[in-house]
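Fold and geometry: a report
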Amino acid sequence: MRIGELAKMAQCTTETIRFYEKEGLLPQARRTDSNYRNYTEAHAERLRFIRNCRALDMTHDEIRHLLGATDAPGEPCGSINSLVDEHILHVDRRIEELMQLKSQLVVLRGQCTTEESVTDCGIVQALSTNDVAPAREKRTHLG
């Protein structure tokens, strides 16, 4: 199948497919005599796997690790379990960060309880004079 057919089947763009190929997540398709990419059902299955991982907010490195494991199906799956456990911890940390962000926003919203001019708005004044703690640190697990 051509790239447009694969994109339609996977409900993504052709650019996404090319990006995953460039990242080494999706193997390059063979070319036809007329130089069109020719994708197979194996490409569609792998693309579905990648998109499901992305829907779970997994990094490309995590996906690469999982794909490596699927390429060695006879091996034990302990590393997969560990990767998902670590990802769960990342999600827990992100939830904590989002709760802190919400708390900061609630406090900020409390700075302006009536409709004022923008010059007198407590929210604008607080954002101009106070330091706000970052809501999120960079991800460190596997990428």
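The name given to the protein in an unreviewed UniProt entry is MerR family transcriptional regulator, and the organism recorded there is Caballeronia mineralivorans PML1(12).

1. Structural notes on helix α3 (residues 41–55)
With 15 residues, α3 ought to run about 21 Å at 1.5 Å a step, and its terminal C-alpha atoms sit 21 Å apart, in line with that. Contacts from the buried residues of α3 go to α1 (3–10), α2 (14–22) and α4 (60–70). Downstream of α3 by one or two residues, D57 has phi in the positive range, about 65 degrees.

2. Let's talk about the packing of α4 against helix α5 (residues 78–109)
Two measures define how a pair of helices packs: the angle their axes make with one another and the distance between the axes. Direction vectors running N to C along α4 and α5 enclose 160 degrees, while the axes themselves pass 10 Å from each other. Taken together, the axes of α4 and α5 are roughly antiparallel relative to one another. Once α4 is placed against α5, the crossing between them reads as left-handed. Residues E62, H65, L66 and A69 of α4 pack against S79, I80, L83 and H87 of α5. Looking at the contact of α4 with α5, its residues break down into four nonpolar, three polar and one charged.

3. Side note on the packing of aromatic side chains
Overall, the coordinates contain one aromatic pair when judged by the stated rule. Here the aromatic rings of F19 and Y20 are separated by 6.0 Å at their centres, their planes lie at 55 degrees, and the arrangement is tilted. Assessed through its relative accessible area of 36%, F19 is described here as partly exposed. Looking at Y20, the relative accessible area reads 7%, which means it is buried. Just above the ring of Y36 sits the side chain of R2; from NZ or CZ to the centre is 3.8 Å.

4. Let's talk about α2
Those residues of α2 lying buried are I17, Y20 and E21. Down the axis of α2, the smallest arc covering the buried residues is 105 degrees, so these residues share one side. The exposed residues of α2 that point more than 90 degrees off its buried face are E15 and K22. Buried residues belonging to α2 abut α1, β2 (37–38), α3 and α4. G24 sits one or two positions beyond α2 and adopts a positive phi of about 80 degrees.

The rules we used
Residues numbered from 1 in each chain as written. Predicted model: local features only at pLDDT ≥ 70, side-chain atom pairs only at ≥ 80, totals over all residues. Heavy atoms only, no water. Helix = DSSP H or I, 4+ residues; strand = E, 2+ residues; numbered from the N terminus. Expected span 1.5 Å × (residues − 1). Contact = heavy atoms within 4.5 Å. Axes fitted to C-alpha atoms, helices over the stretch in contact; angles between N-to-C directions. Parallel < 35°, antiparallel > 145°, perpendicular 65-115°, else oblique. Left-handed = near helix turned anticlockwise from the far one by under 90°. Nonpolar A, V, L, I, M, F, W, Y, C, P; charged D, E, K, R; others polar. Phe/Tyr/Trp six-rings, centres within 6.5 Å; stacked < 30°, edge-to-face > 60°. Buried < 20%, exposed > 50% of the residue type's maximum accessible area, 1.4 Å probe, protein only. Lys NZ or Arg CZ within 6 Å of the ring centre and 35° of its normal. Arc of directions from axis to C-beta.

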